[in-house]
Amino acid sequence: MLARGAGQFHVRYRHDGRHVEANLSKQVLAEIEPGGKVRRIYIISSGKPSTPTVIGRFQVYSKTPGTNEKGMVDSNYFIRGYAIHGYPEVPTYAASHGCLRIPIPDAASVFAWVQYGTPVDVYNESGGGSARVRSDAGP
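Student: Run through the environment of G98, naming residues and quoting values.
Tutor: Along the polypeptide, G98 turns up in the loop between β7 (82-87) and β8 (100-103). Separated by 45 residues in sequence, G98 and T53 have C-alpha atoms that sit 4.1 Å apart.

Here's what the structure looks like:
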C-alpha cells in the first residue's frame, strides 16, 4: 500500500537530520532526510518476544558488505550485534533475533544510504519496549 502512495509515515525525530527511524509497532523502517522529509520506507521484521529489538537512539558504528556466515546481507550495525540487514525471510511481524531485517532486494540501497554515524531511532508507538538501551552502552 505504501508503494502505491497509501498511508503515511509520521517522523518522530525530525530534528535528527539525516537518519533512520524504525517503528516497531508498524514494522517499518524509514530513511529520513534533513528537515524531516521521508526519503523511503521499507518493511522490516524486528526481534521476536524472546529476542526483542532494543529500543532507543543509536548510531551506525560498523558496516559489513555482502553476506556473512549468518546469512545477513549488507549489515549496518547500530548497537552491540544489532543491525539493519537484508535477510531471505522478512515476515510482517516480529520474528528476528533482535536485528531489523529488510528484504534482500532492499539491502544494497539501505547499505549505500546509511553511513557511519547515521542516527538510528528505534521505538514503539506506545513509547514502551522490553529493552531500552542508551547508545553509549557500547558495541
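Having seen it, we continue.
Student: Let's hear about the sheet that holds strand β6 (residues 73-79): which residues, and what values?
Tutor: As summarised here, the arrangement of the four strands in space is β5-β6-β7-β8, forming an open sheet in which the pairing is mixed. Of all the strands in the sheet, just β5 (62-67) and β8 have a single pairing partner and so form its edges. In this sheet, neighbouring strand axes are inclined to one another by 20° on average, regardless of whether the strands run parallel or antiparallel.

Student: Tell me about the pairing of strand β1 (residues 19-23), and please be specific about residues and values.
Tutor: Of all five residues making up β1, five are buried, and the element is well covered by its neighbours. Side chains of β1 alternate between two faces, with H19, E21 and N23 and V20 and A22 buried alike. Two elements, β1 and strand β2 (residues 28-33), share five bridges in a ladder whose sense is antiparallel. Bridge pairing in β2 places A22 opposite L29. Counted between consecutive antiparallel strands, the loop separating β1 from β2 contains four residues, among which Q27 sits at a positive phi close to 55°. Bridge analysis of β1 against strand β9 (residues 119-123) gives four bridges, and the strand direction is parallel. If you follow V20 over to β9, its bridge partner there is V120.

Student: Describe helix α1 (residues 104-113), listing the residues and the values that go with them.
Tutor: Restricting attention to buried positions, one finds in α1 the residues D106, A107, V110, F111 and W113. Projection of α1 onto a plane perpendicular to its axis shows the buried side chains occupying an angular sector of 160°, all on one side. Seen from the buried face of α1, the exposed residues on the opposite side, beyond 90 degrees, are P105 and A112.

Definitions and limits used
Residues numbered from 1 in each chain as written. Predicted model: local features only at pLDDT ≥ 70, side-chain atom pairs only at ≥ 80, totals over all residues. Heavy atoms only, no water. Helix = DSSP H or I, 4+ residues; strand = E, 2+ residues; numbered from the N terminus. Pairing = 2+ DSSP bridges. Axes fitted to C-alpha atoms, helices over the stretch in contact; angles between N-to-C directions. Buried < 20%, exposed > 50% of the residue type's maximum accessible area, 1.4 Å probe, protein only. Arc of directions from axis to C-beta.

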